[in-house]
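Inside the fold
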Amino acid sequence: MSDEKSLNFLEEIVDSDLKAGKYKQIITRFPPEPNGYLHMGHAKSICLNFGLALKYGGYTNLRFDDTNPVTEDTEYVESIKNDVQWLGFQWKHELYASDYFAQLYGFGIKLIEKGLAYVDDSTSEEIAAQKGTPTQPGTDSPYRNRSKEENLKLFQEMKEGKYPDGAKVLRARIDMGHINMHMRDPILYRIKHAHHHRTGDTWCIYPMYDFAHGQSDAIEQITHSICTLEFIPHRELYDWFIAKLELYPSHQYEFARLNMTYTVMSKRKLLQLVNEKYVAGWDDPRMPTLSGVRRRGYTPESIREFCDKIGVAKRENLIDVGLLEFCVREHLNKISLRRMVVFDPLKVIITNYPEGKGEMLAGENNPEDPNATTRDVPFSREIYIEQEDFMEVAPKKFFRLAPGQMVRLKNAYIIRCESVVKDSAGKIQALHCTYIPESRSGSDTSGINVKGTLHWVSVQHAVPVETRLYDRLFKVEDLGDAEGDFKSYLNPDSLQVVQAYAEPALLEATTAERYQFLRKGYFCLDPDSTHTKLVFNRTVTLRDMWAKEAKKD
RNA sequence: UGUCCGAUGGUGUAACUGGCAACACGCCUGAUUUUGAUUCAGGAAAGUCCAGGUUCGAGCCCUGGUCGGACAACCA
């Protein structure tokens, strides 16, 4: 039995490259376009790229692929940097494709000089028509055979701003009959009189992705350039530019992007949800964005663990969100502070507990922590328990509170339900219970054994808090498979706001801590909280076998 | 009609590179438990897309199919 985990296909490539002495160190890059916020799919890529460099020795650059000024913005740059660091990774160099605009322009000239690029006056429709189809070869542009001198002059004039947007493009001169559509004289440069978030107005021509990405990799001497499957057909072009331009031979490798059940993972769709106000913003806790899951209370540790567990391969996949939730619970169970909060109160009056009396009980902050400390929990004659923890007529498997039944109050006493107080309409108003004085937690001499333990909050000490309970954003498991507008599958109940009653220890809650509301789930303080109003987000529920059992009937 | 990529339990990922399919999630059962949580023990679940072939032996190799996906933005 080997205790070493088997390598994924990319690790195998890196491993064998290193063993073959191909590189002394590996260099990877994470290349987001600053036109949206990072999501869980990016997390997979980040963990992969940074993880590879960390594991095999080397480093990772953060490079913004900012070649399209009309969609990009510094707001996104800042959020992306923040998200990568939050996830726990540090890049070696912060770079921008726009840093290479001058060099890239030079590469364009070089290709023209080699007779491998030309300026085309065709419209975008004409160019599209020239492309042909995957099964039919394309046709040459009428401008394909311009002289080098003319191309050089025209390209320079494009750069100088002599032409309006769309008037001309620079195209590679490869083969309009090529079996690979991407090799049919792809566009290298287009004219966009647009303000760039970094270069301002110095350029009015901008390189296309294909003409920028590989060359940027080469300039940075990236050894392994890792991207998603849809770029497979681009690889031939990627290699062509490097060969013709005689650059450092970076290599592109592709892996399957992450898909998760009950959510979408495309920037375009996420942007739509934000713009059309289906969610409160990029950091809405229901969003699969990193800012969203962060606000929801997911920890970077749990996301890294998740990325490790899902593996890396080339086959398309749909990961069960349940796995992410498992990773989150696993981590939160270890670190969160236990607190009691009642969401749907039912008043319990402990009739044999003296009126006006109160006492402080000790509650463990975290039973998973060997150096457990405790917090004070006030107890008194009137408390709240959950409505759902009481049943007037209970099935045999129900071992919570019912008339004549006994339960333990967590960190406190065993109580017995003596009677039910109802209003004229027969609605339950409160429960009258008695407590067993010698059953106090920590000094229980009663000898009584009960099956159920309930969380509770003292009525007079209860702190009203707002809780936001999240459910899956969409109703269907596989959005990729769903017909029509993806927004028609939104789950109308994905957010539920509930006013709840918390124990006073929560008054000191901070955003740095994570909390487990006993028997309810993991929660974190939301930044919307003020001194007078605490707001908690439910990160994830606890596993609930009883809910499953109850559903069986 | 083309080219490329892929195919292993419900979901993912493995399989010492040709040696009788493993791990995780989920599911089921039981134990422990002052959270029906956690933890622990056990179980069900694929014979590896199909058909041939090579071989003592094939999930891994070969041939031919089938199915799924990608590819025709002045997006990345």
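Residues numbered from 1 in each chain as written. Chains lettered and ligands numbered in written order. Predicted model: local features only at pLDDT ≥ 70, side-chain atom pairs only at ≥ 80, totals over all residues. Heavy atoms only, no water.

Observations concerning the nonpolar core
Membership of the largest hydrophobic core comes to 37 residues, with the highest contact counts inside it found for Met40, Ile46, Val84, Leu258, Met260, Ile303 and Phe306. Elements represented by at least two residues in this core include exactly α2 (40-56), β2 (58-64), α3 (74-87), α10 (290-296), α11 (300-310) and α12 (321-335). Domain assignment of the residues forming this core places at least three in each of domain 1 (13-255) and domain 2 (267-337 + 465-552). Here Ile303 is in contact with Met40, Ala43, Trp86, Leu87, Val293 and Tyr298, once residues within four sequence places are set aside. Of all hydrophobic cores here, the second largest spans 35 residues; its members include Phe107, Ala117, Trp203 and Trp240. (Core = buried A, V, L, I, M, F, W, Y, C linked by side-chain atoms within 4.5 Å. Buried < 20%, exposed > 50% of the residue type's maximum accessible area, 1.4 Å probe, protein only. Helix = DSSP H or I, 4+ residues; strand = E, 2+ residues; numbered from the N terminus. Domains from an automatic or database assignment. Contact = heavy atoms within 4.5 Å.)

Regarding the pairing of strand β25 (residues 534-541)
Across the 8 residues that make up β25, a large majority, 7, are buried. As paired elements, strand β21 (residues 463-470) and β25 share 4 bridges and run parallel to each other. Paired with Val465 across the two strands is Leu534, which belongs to β25. With 5 bridges joining them, strand β24 (residues 521-525) and β25 adopt antiparallel strand pairing. Within β25, the residue paired with Phe523 across the bridge is Arg538. (Pairing = 2+ DSSP bridges.)

Quick notes on the sheet that holds strand β4 (residues 117-120)
On the basis of which strands lie adjacent, the open sheet formed by 4 strands has the order β4-β5-β6-β7 and antiparallel pairing. A single partner strand is all that each edge strand has here, and the edge strands are β4 and β7 (205-207). The mean inter-strand angle of the sheet, taken between neighbouring strand axes irrespective of direction, is 20 degrees. As judged from the 4 bridges shared by β4 and strand β5 (residues 169-172), these two strands associate in the antiparallel manner. Counted as the bridge partner of Asp120 is Val169 from β5. Those strands touched by helix α6 (residues 148-160) are β4, β5, β6 (187-191) and β7, and its axis lies near 60 degrees from that of β4. (Axes fitted to C-alpha atoms, helices over the stretch in contact; angles between N-to-C directions.)

Side note on the environment of Glu388
Along the chain, the position of Glu388 falls in the loop between β15 (382-386) and β16 (406-409). Residue class for Glu388 comes out partly exposed when judged on its relative accessible area of 45%. Sequence separation of Glu388 and Gly108 is 280 residues, and the distance between their C-alpha atoms is 70 Å. Not counting residues within four places of it along the chain, the set of residues in contact with Glu388 comprises Phe398, Arg400 and Lys520. Engagement of the side chain of Glu388 in a polar contact is seen with the side chain of Lys520, the distance being 3.0 Å. (Polar contact = N/O pair within 3.5 Å; in protein donor to acceptor, adjacent residues only side chain to side chain.)

Some words on the sheet that holds strand β1 (residues 26-30)
In spatial order, the strands read β1-β2-β3; together these 3 strands make up an open sheet with parallel pairing. Only two strands of the sheet have a single neighbouring strand rather than two, namely β1 and β3 (94-96). Neighbour to neighbour, the strand axes of the sheet diverge by 35 degrees on average, direction disregarded. In this fold α2 packs onto β1 and β2, with an angle of close to 160 degrees to the strand it touches most, β1.

Re the side chain of Arg375
Here Arg375 is to be found in strand β14 (residues 374-380). A polar atom in the side chain of Arg375 sits 2.9 Å from the backbone oxygen of Glu364. Within polar-contact distance, the side chain of Arg375 engages the side chain of Glu503 at 2.5 Å.

Notes on the UniProt feature "binding site: L-glutamine" (unreviewed entry) in chain A
Sites flagged by UniProt as "binding site: L-glutamine" (unreviewed entry) map to Asp65 and Tyr209. For the residues just named, distributed over 145 residues, the greatest C-alpha separation is only 7.9 Å, placing them together at one site. Inspection of the secondary structure puts Asp65 in the loop between β2 and α3. Apart from residues no more than four positions distant in its own chain, Asp65 is found in contact with Pro31, Pro32, Glu33, Pro34, Glu72, Ala97, Tyr209 and His213. Examined against the element boundaries, Tyr209 turns out to sit in helix α7 (residues 209-219). Note on Tyr209: relative accessible area 24%, which makes it partly exposed. Setting aside chain neighbours within four positions, we find Tyr209 in contact with Asp65, Thr67, Phe231 and His234. (UniProt positions renumbered as here; feature names shortened; annotations may be inferred.)

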